[in-house]
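What follows is each chain in one-letter form.
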Amino acid sequence: MNEQQARDLEREIATDPRTNELGIRLQVRGDNLVVSGEVASEERRSTVLEIIREHDTGLDIVDYIVLSAEPGPGGPQHEQIDPPRRS
Amino acid sequence: MPDPIRVAAVGDVHLADDLRGRYAPLLTDISEEADVLLVAGDLTQHGTLEEAEAFADEFDAADVPVLVVLGNHDYHSGAERDIVRLLEDRGVTVLEGTSTTIDTDAGRLGVAGIKGFCLGFVGRCAADFGEPEMKAFTGHGIETATLLRQALDELADEEPDVTVALSHFAPVDDTLIGEAKEIWPFLGNYRLGEAIDETGVDLAVHGHAHAGREKGLTPAGVPVRNVAQPVIQAAFRVYDVVPRRSA
């Protein structure tokens, strides 16, 4: 797989109805295919990797995908927005 | 100083069955924190009715009015009209170049909303020139800003104490810092920012830019907040907007 084919596969990950992930980046690094970006769940990470494995890239897949932080139980943060000052 | 109107907001929740249960517990009793909940588009991952149902189920837990705009993901399956109908049947207000007002204990809140579209920012934007495809692309971006401006103009007649502009695409590039600059024209639209600056908006809220930052300002100084969930890393933020009559 070369860089151009990696771009094609990125587009496929964006348009495949199983994923529609627009934020996945693929980079060819030696014998490795580095997969990075952010997805919302472990299931979505698995599906992205499954689609990549369906292609015979000939490269070792390095999974650098990160999961979005889940909204935690902590209280919401408030920020005060003041009105514009009149001149 | 009068009490603020408490505006909760989140965007880009990208709901589908696999994320059910992520938001509902955190939205229960939100009325203790906020007067309204805005959702800045990309309610769903693929724009299917099933995912819209998941969104409606999760956000039904909120005991304040829920106002949304659609995002580009919500258009992906060509079911956006059905999604709007489903959401409205479930009590969600969908703003599409339209506005609404909500009377709170602290005053009248006006919200105008639109999805928006690509275009870019001054000096680095698409031009209404050349092929019909390019003109259509650019024209749609400009049209969305025109619709937002009209909605804000109409909203002014309702004399809200606080005016909020809600969009999916970003109205400024301040909140895109962190995203690759090459894709900024696909993330926002300076014409949206112009409409906001010329219509007395107190706060602009958007999503779409997952790798951007939360806070920015329009050229005229209106606060802009990118509430994409990966940016705020919370179920929602709350902006306590002090009514203008106190200025």
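What counts as what
- Residues numbered from 1 in each chain as written.
- Chains lettered and ligands numbered in written order.
- Predicted model: local features only at pLDDT ≥ 70, side-chain atom pairs only at ≥ 80, totals over all residues.
- Helix = DSSP H or I, 4+ residues; strand = E, 2+ residues; numbered from the N terminus.
- Rg over C-alpha atoms; globule rule 2.2 N^0.38 Å.
- Contact = placed C-beta atoms within 7 Å.
- Buried ≥ 20, exposed ≤ 12 C-beta atoms within 10 Å, placed from the backbone.
- Core = buried A, V, L, I, M, F, W, Y, C linked by C-beta atoms within 7 Å.
- Axes fitted to C-alpha atoms, helices over the stretch in contact; angles between N-to-C directions.
- Parallel < 35°, antiparallel > 145°, perpendicular 65-115°, else oblique.
- Left-handed = near helix turned anticlockwise from the far one by under 90°.
- Nonpolar A, V, L, I, M, F, W, Y, C, P; charged D, E, K, R; others polar.
- Pairing = 2+ DSSP bridges.
- pLDDT = per-residue confidence, 0-100.
- Expected span 1.5 Å × (residues − 1).

**So, the overall build of chain A**
Next, step 1: If you tally the helices and strands in chain A, you get two helices and four strands.
Next, step 2: The N-to-C order of helical and strand elements in chain A reads α-β-β-α-β-β.
Next, step 3: For 87 residues, the compact-globule formula gives about 12 Å, and the C-alpha radius of gyration of chain A, at 19 Å, lies well above that figure.
Next, step 4: A principal-axis box enclosing the C-alpha atoms of chain A has dimensions of 65 × 35 × 25 Å.
Next, step 5: By sequence separation, contacts in chain A at least 24 residues apart represent 58% of the contacts at least 6 residues apart.

**Some remarks on the overall build of chain B**
Next, step 1: A count of helices and strands for chain B gives six helices and 13 strands.
Next, step 2: The globule rule puts the C-alpha radius of gyration for 247 residues at 18 Å, and the 17 Å found for chain B is close to it.
Next, step 3: By its C-alpha atoms, chain B is 50 × 45 × 30 Å across when sized along the principal axes.
Next, step 4: Burial analysis of chain B (247 residues in total) assigns 55% to the buried set.

**Section: the nonpolar core**
Next, step 1: Counting 93 residues, the largest nonpolar core has Val7, Ala8, Ala9, Leu37, Leu38 and Leu166 of chain B as the members making the most contacts within it.
Next, step 2: Excluding residues that lie within four positions of it along the chain, Ala9 of chain B makes contacts with Leu38, Ala40, Val205, Arg225, Val227, Phe236, Arg237 and Tyr239 of chain B.

**Notes on the packing of helix α4 (residues 132-156) of chain B against helix α5 (residues 190-197) of chain B**
Relative orientation and spacing of two packed helices are given, respectively, by the angle between their axes and the distance between those axes.
All names here are of chain B.
Next, step 1: Running from N to C, α4 and α5 point in directions that differ by 15°, and their axes come no closer than 8 Å. Considering their axes alone, α4 and α5 lie roughly parallel with respect to each other. The crossing of α4 and α5 is right-handed. Contact residues: α4 offers Gly141, Ile142, Ala145, Leu148, Arg149 and Leu152, while α5 offers Arg191, Leu192, Glu194 and Ala195.
Next, step 2: For the contact of α4 with α5, the per-class residue count stands at six nonpolar, one polar and three charged.

**Digging into the interface of chain A and chain B**
Many authors give the size of an interface as the accessible area that is lost as the parts come together.
Next, step 1: Taken together, the contact pairs 24 residues of chain A with 34 residues of chain B.
Next, step 2: If you tally residues by element for the side of chain A that touches chain B, the top one is strand β4 (residues 78-81) of chain A, at four residues.
Next, step 3: The class makeup of the residues in the side of chain A that touches chain B is nine nonpolar, eight polar and seven charged.
Next, step 4: Looking at chain direction, β4 of chain A and strand β13 (residues 237-241) of chain B are connected through four bridges and run parallel.

**Remarks on the packing of helix α2 (residues 49-59) of chain B against helix α3 (residues 80-89) of chain B**
Residue and element names in this part refer to chain B.
Next, step 1: Closest axis-to-axis distance for the α2/α3 pair is 10 Å, and the angle between their directions is 25°. As summarised for this structure, α2 and α3 are arranged roughly parallel, according to the angle between their axes. Helix-helix and strand crossings are classified by hand; for α2 and α3 the assignment is right-handed. Each of Leu49, Ala52, Glu53 and Ala56 in α2 lies in contact with α3, whose residues at this interface are Asp82, Ile83, Leu86 and Leu87.

**Examining the sheet that holds strand β5 (residues 98-104) of chain B**
Hydrogen bonds along the backbone pair up the strands of a sheet, which may run parallel or antiparallel.
All names here are of chain B.
Next, step 1: The six strands lie next to each other as β5-β6-β9-β10-β12-β11, forming an open sheet whose pairing is mixed. A strand with exactly one partner marks an edge of an open sheet, and here the two such strands are β5 and β11 (215-217). Direction aside, neighbouring strands of the sheet carry axes that sit 25° apart on average.
Next, step 2: Both β11 and strand β12 (residues 223-226) contribute to a ladder of three bridges, which runs antiparallel.

**Describing unusual backbone geometry**
Residue and element names in this part refer to chain B.
Next, step 1: Despite not being glycine, Asp42 shows a phi value in the positive range, around 55°.
Next, step 2: Inspection of the secondary structure assignment puts Asp42 in the loop between β2 (36-40) and α2.
Next, step 3: Phi is positive for His208, which is not a glycine, with a value near 80°.
Next, step 4: With respect to the element layout, His208 can be found in the loop between β10 (203-206) and β11.

**Structural notes on the confidence of the model for chain B**
Do not read the predicted coordinates in detail wherever pLDDT is low.
Next, step 1: Residue-level pLDDT values for chain B average 96, and 99% of them are 70 or greater.
Next, step 2: Predicted complex metrics record ipTM = 0.89 and pTM = 0.91.

**Structural notes on α4 of chain B**
Residues and elements named next belong to chain B.
Next, step 1: An ideal rise of 1.5 Å per residue puts 36 Å on 25 residues; α4 measures up with 36 Å between its terminal C-alpha atoms.
Next, step 2: Three or more residues of α4 are buried, namely Thr138, Gly141, Thr144, Ala145, Leu148, Arg149, Ala151, Leu152 and Leu155.
Next, step 3: Looking at the buried positions of α4, the neighbouring elements they touch are β5, β6 (107-114), β9 (162-167) and α5.

**Thoughts on the pairing of β6 of chain B**
Residues and elements named next belong to chain B.
Next, step 1: The buried fraction of β6 is high, at seven of eight residues.
Next, step 2: As paired elements, β5 and β6 share seven bridges and run antiparallel to each other. Bridging across to β6, Thr100 finds its partner in Val111.
Next, step 3: Between β5 and β6, which follow one another and run antiparallel, lie two residues.

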